[in-house]
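Residue-level structural notes
Chain by chain, the residues run as shown.
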Amino acid sequence: MQSRFTNSRAFVRSAMLCSAAVLAIFPVAAMAQGAPAADAADGDAIVVTGSRPIAESEAAALQVQKNSDSLVSVVSSDAAGRLPDQNIAQATGRLPGVAVERDQGQARYISIRGAPNYWTTLSFDGINVVSPEGRDARFDSIPSAIAAQIIVSKAVTPDMPGETVSGNVNVITRSAFDYEGFHFAGKAGYGIAELGNRPQYEGSAVVSTRVPAGEGEIGVLVSGSYYQRAMITDNFETDYERVSQDQRPDSLSRFWAQETENKLYRLTRRNWSLSGRLDWKPNADNSISLRSIYTTFTDDEMRDNFRFDLDDRQGDLVANTAACGTAVNPTPTTTGYADVCIGNTPFQGTIYGIDIRQRSTLRAFEQSIFTNTIEGTHEFGDGWKFNWLGNYTESKDDRSVVGETTWDSPSTRNLRPTVAYDFTDPNLARLRLFTTVQLSSPTRYEAGTPLTDIDSFTKPLASMNILDAVDTTKAYTAKFVVSRETEFLGGDAVLKAGFQFDQRTKTVDESSMALNNATQFATIGISTSYNGFSLDTPFKGKIPMGYTFRYFDADKMRAASDAARTNFTFTPALGNIYDVQEEVMAAYLMGTVRYDWGSAVGGARIERVKNSGTAVATVGTVTGPVTAENTGTLVFPSMHLNFDVDTDKKLRIGFTSGAARADYDQLRPNVVVDDSNQRISGGNPGVKPERSYGVDAYYEYYVQPQGYFMIGAFYKKVEDVLYTSRSTFGSNALDSNGVDRSAYAFSGITNGGSGSVRGVEAAAQFQLEPYVSDLVLPDWMGGFGITANATYNDSEVTKPAILDAAGATISPERKVPLPGTSEVVYNVGAYYEKYGLSVRLQYQNRTAWADGFADNLDSAGDTYWAKDDELDFSARYEISNGIEIYFDAANLLNNPGRRYSDPSNILNAQGVSTPFTNRYTIEWERFGRRYSGGIRVNF
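Residues numbered from 1 in each chain as written. Predicted model: local features only at pLDDT ≥ 70, side-chain atom pairs only at ≥ 80, totals over all residues. Heavy atoms only, no water.

**Notes on the packing of aromatic side chains**
This is how it is decided: Two aromatic rings, drawn from Phe, Tyr or Trp (for Trp, its six-membered ring), form a pair once their centres lie within 6.5 Å of each other, and the interplanar angle then sorts them: stacked below 30 degrees, edge-to-face above 60, tilted otherwise. Labels follow the DSSP assignment, with helices taken as runs of H or I lasting at least four residues and strands as runs of E lasting at least two, numbered in each case from the N terminus. Per-residue accessibility, obtained with a 1.4 Å probe over protein chains only, is compared with the maximum for each type, and a residue is labelled buried under 20%, exposed over 50%, and partly exposed between these values. Whether a charge sits over a ring comes down to the Lys NZ or Arg CZ being within 6 Å of the ring centre and within 35 degrees of the ring normal.
A full pass over the atoms with the stated rule returns 29 aromatic pairs. Measuring from centroid to centroid gives 5.9 Å for Phe 255 and Tyr 920, while their planes differ by 85°, and the two rings are edge-to-face. With Phe 255 in the loop between strand S11 (234-241) and strand S12 (256-283) and Tyr 920 in strand S46 (residues 920-926), the pair connects residues that are 665 residues apart, well separated along the chain. Judged by its relative accessible area of 0%, Tyr 920 is buried. Seen in terms of ring centroids, Phe 549 and Tyr 551 are 5.0 Å apart; in terms of plane orientation they differ by 75°. Their pairing is edge-to-face. A relative accessible area of 1% places Tyr 551 in the buried class. Lying over the aromatic face of Tyr 886, Lys 187 brings its terminal NZ or CZ to 5.1 Å of the ring centre. The ring centre of Phe 552 lies 5.1 Å from the NZ or CZ of Arg 266, which sits over that ring.

**A word on the sheet that holds strand S14 (residues 348-351)**
Counted only if it meets this: Pairing between two strands is assigned when DSSP locates at least 2 bridges connecting them. Whenever a helix is involved, its axis is fitted only over the stretch in contact; in every case the axis is a line through C-alpha atoms, and angles between N-to-C directions fall within 0 to 180 degrees.
Spatial ordering of the open sheet is given by S14-S18-S19-S20, a layout of four strands whose pairing is antiparallel. In the strand order of this sheet, the two ends are held by S14 and strand S20 (445-451), each with one partner. On average, each strand axis in the sheet is tilted by 30° relative to the strand beside it, whichever way the strands run. By the bridge criterion, five bridges tie strand S19 (residues 430-438) to S20 in an arrangement that is antiparallel. Counted as the bridge partner of Val 437 is Glu 446 from S20.

**Details of the environment of Gly 546**
Quick note on the threshold: Contact definition: two residues touch when any of their heavy atoms are within 4.5 Å.
On the secondary structure map, Gly 546 appears in the loop between helix H5 (518-524) and helix H6 (554-567). In this structure Gly 546 touches Leu 431 and Thr 452, once residues within four positions along its chain are discounted.

**Here's the deal with the sheet that holds strand S7 (residues 167-173)**
Strand order in the open sheet formed by five strands is S1-S6-S7-S4-S5, with mixed pairing between adjacent strands. At either margin of the open sheet sits one strand with a lone partner, and together these are strand S1 (72-76) and strand S5 (127-128). Relative to S7, strand S6 (residues 147-153) is paired through six bridges, and the arrangement is antiparallel. In the strand pairing of S7, Ile 151 is matched with Asn 170. Of the strands in this sheet, S1 and S6 are in contact with helix H3 (residues 53-67), which crosses S1 at around 150°.

**Topic: H3**
Threshold: By this rule, a helix spans an expected 1.5 Å times one less than how many residues it contains.
Taking 1.5 Å of rise per residue, 15 residues should cover 21 Å, and H3 covers 21 Å from first to last C-alpha, within 8% of that figure. Where burial is concerned, most of H3 is hidden: 14 out of the 15 residues are buried.

**Let's talk about the environment of Glu 194**
Relative to the assigned elements, Glu 194 resides in the loop between strand S8 (183-193) and strand S9 (198-213). C-alpha of Glu 194 to C-alpha of Gln 245: the two residues are 51 residues apart in sequence and 46 Å apart in space.

**Comments concerning the confidence of the model for the chain**
Detailed reading of the predicted coordinates is not advisable wherever pLDDT falls low. As a reminder, the rule being used: A score between 0 and 100, pLDDT records how confident the predictor is in each residue.
Across the chain, the average pLDDT comes to 85, with 91% of residues at or above 70. Taken as a whole, residues 1-49 scores under 50 in pLDDT and shows 107 contacts with residues more than four places along the chain or in a different chain.

**Side note on unusual backbone geometry**
At Asp 250, a residue that is not glycine, the phi angle is positive and equals roughly 70°. Within the secondary structure, Asp 250 is located in the loop between S11 and S12. The class for Asp 250 is exposed, based on a relative accessible area of 64%. A positive phi is found at Asp 720, a non-glycine position, where the angle reads about 55°. With respect to the element layout, Asp 720 can be found in the loop between strand S31 (708-719) and strand S32 (722-728). Overall, the relative accessible area of 21% leaves Asp 720 in the partly exposed class.

**Some points on the nonpolar core**
This is how the line gets drawn: Residues grouped as a nonpolar core are buried Ala, Val, Leu, Ile, Met, Phe, Trp, Tyr and Cys residues, joined through side-chain atoms within 4.5 Å.
Core analysis: the largest hydrophobic core is formed by 36 residues, its most contacted members being Tyr 240, Phe 308, Phe 423, Ile 454 and Tyr 547. Core analysis: the second largest hydrophobic core is formed by 24 residues, Leu 122, Val 129, Val 169 and Ile 293 among them.

**Digging into the pairing of S12**
The pairing of strand S10 (residues 216-232) with S12 spans 16 bridges and is antiparallel. From the neighbouring strand, Gln 228 faces S12, where its bridge partner is Arg 270. As defined by bridge partners, S11 adjoins S12 across five bridges and the pair is classed as antiparallel. The residue bridging Glu 241 from the neighbouring strand is Trp 256, located in S12. Across 22 bridges, the pairing between S12 and strand S13 (residues 286-309) is antiparallel. Bridge pairing in S13 links Asn 271 to Phe 297. Linking two consecutive strands that pair antiparallel, namely S12 and S13, is a turn of two residues.

**Concerning the pattern of salt bridges**
The criterion, for reference: A pair is scored as a salt bridge if a Lys or Arg side-chain nitrogen falls within 4 Å of a carboxyl oxygen belonging to Asp or Glu.
Tallying each qualifying case throughout the model produces 57 salt bridges. Arg 307 is the salt-bridge partner of Glu 259, the closest N and O atoms lying 3.5 Å from each other. Here Glu 259 is found in strand S12, whereas its partner Arg 307 is found in strand S13, with 48 residues between them in sequence. Using a relative accessible area of 13% as the deciding quantity, one classes Glu 259 as buried. On the accessibility criterion, Arg 307 (14% relative accessible area) is buried. Arg 270 serves as the salt-bridge partner of Asp 300, at 2.7 Å between the closest nitrogen and oxygen. Linking Asp 300 in strand S13 with Arg 270 in strand S12, this pair joins segments that are 30 residues apart in sequence. A relative accessible area of 32% means that Asp 300 is categorised as partly exposed. Each of Asp 103, Arg 108, Glu 133, Arg 138, Asp 140, Arg 269 and Asp 299 takes part in a single network of salt bridges with overlapping partners.

In structure tokens:
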């Protein structure tokens, strides 16, 4: 298909980022923002051919970025309306300063310039959308097929909500006015996940047309997409603890595995979306748009979980501070857990007669977003413009569990396994199973016959649980903006005044059913022997676990669950039932002034936020409703200066401010008081938002005739950092019946100290095509191009001291990095496209980042995710005009996701050194490579 676009030769030259043929993409950059196509006024026609999809989409993205009055990074679709990755998180993760966090190997959360992922907000066409999970915006539930562009704003402006602290990811949907006349694009593909040989299906279609309507036009566009990915995982997880009975020399630096487990998943994930858009442009001064998007993510999961309860008889060990004898006792009277005197260490040893706690879990999770927007823009004489908008969004998070059965070893020790463990390799938890032999009194044990079939050990059915849990968030937005083009402070200006009202209500409804006796099991007809509940199917993964097992039968789980629902009733989970409402009234003033030297954007936003919630509280033996309300007003000033060093170079300097509010579940007024243990837990409606103030300085060079280079620095100061922590309650609000609860230990969200995140980032893009002649190279070499970007972060915040009920210090105040902050994030890509062939190889890497921080020595210290890197390959070939075949290969390195504990920081804060650092692996998973291919059409 060909289309024409009006432009001047000078403007075209300033956009020249590729060869003459690649200049064709320039109209795509404009039309992606809704500009209609037109005939060239000067007689020159720019033809959109889509023959260079990578270079053309990069050119479109860079043009939007260059023309922006604030700091942004952009991913643009190619001429056929495609983005290079399946979901929004994966596509955005290729931009400078953007890091992704994965779940089951699939990109899910986005962190911008080292900030926590909940500082990143999600928008559709400029309207903030609440994720099904809350403020932690999940981007894997949004297929990239719905987007024409993704604009990542790193510098906040007054027309953006104040909760946008580190940045906003704005998904620009397609419009019929992006194309001339009738347009159709479609895709169909099939693939294989290497691990387990599991299938993958994908398909999408976009249909649009423009029809006359009097003097104007109406544009209609509908689209849909479907993606299904079946997979299995290799997994082991180990939880470490400080054992109080271990008092032998050097005990403070020893952390023992309280349990080790394999979580072996068989799962199918699906993304699908439907969207429709109706645009009416009666004339050049007026437009009305009606947009509706429904996107859903489902996760049907079968999980076989084998948990070896190593600390099952921890109390058998008697505390003793003396050094061990020189001879190792081969027949201990204890299970051997945490007993250095029998030769056991935290990483290698034998434990006798331990409990196997096996779980079979069938989950059917679903997350959906249904967002509907009506928007109008009207231009009047003398430079006035009025924009109005209304939006309703409903997000659902269905966390229901169809059924979960638990199979437990009996209490008789010699019916349980003896386990020889070896954790010396951080990438493998090795187990060997033996029968347990009980010797003569006094009771001593030894390992008996080695076994590999875990189902040969007795594990009767202990319980079956069912969960119905749905979180629903309903959000309403009304927005009005008046702007005027005028002269201001000696420049051409656009002055804006805006008002926005948001109301969001999150309602959580949760109930459960627990069956745990023989009569109940007989009623629902479930087998109490695991062999009668399982399949004779071998393990589909590759990790050497040291034992064999049988997968549970999902059909039998569903049948038992249906029978349980027929014969028994659910019990409401009062501690998890609540609703929280948030109302935000915002107003802003903003001015954009353009001069010969560049532009200035400044203004301020004021927001009044009211949070209210209703929940159920349990205090002692009394349970009843509780309500809470909190109101606050914040002002967010910002200023951005953009200097045109020359026609191809820009210097950007900005100041921003923002506030990250606690998530809805953290604001709920649920309170549970445990008098027997003197503990209080729950939400904290009075917690203050995290405040941030940032500055940016960036230099951009749009190299002519083709290329791009950027380098920048940023600094952000943060205050009242949110922590989930334990402290003394310190209030008499919950005292009753003469019980003083002010000294109870409180666990919940609270504000901590201040800190900062600072860093530098750089990016470059070049293609060889414009330089082939000057370098005297053969013409075919012009197809090569490279993209690269890197970000360095340094963050530090104060973690407050943790005190016990008596005021004694459990953990001193210390400095920690911001959660989710990798020190280095970089992307390197190389591509070749010419003669209808387009090939790309892309590598992404982020260094380790903090996941959580320990309050005391009970656990093995702070937790981190290890380095994450991924290599992807894609290729396409145009077999005829508008028809192409493609091939994708993902996760080619097949590196594992690894989370570990590091006790060194908390030990060092208490004057104790440890030689181990990151050897305490607590989670390890591998997912395998994935390959897919298919056909795309574009007419």
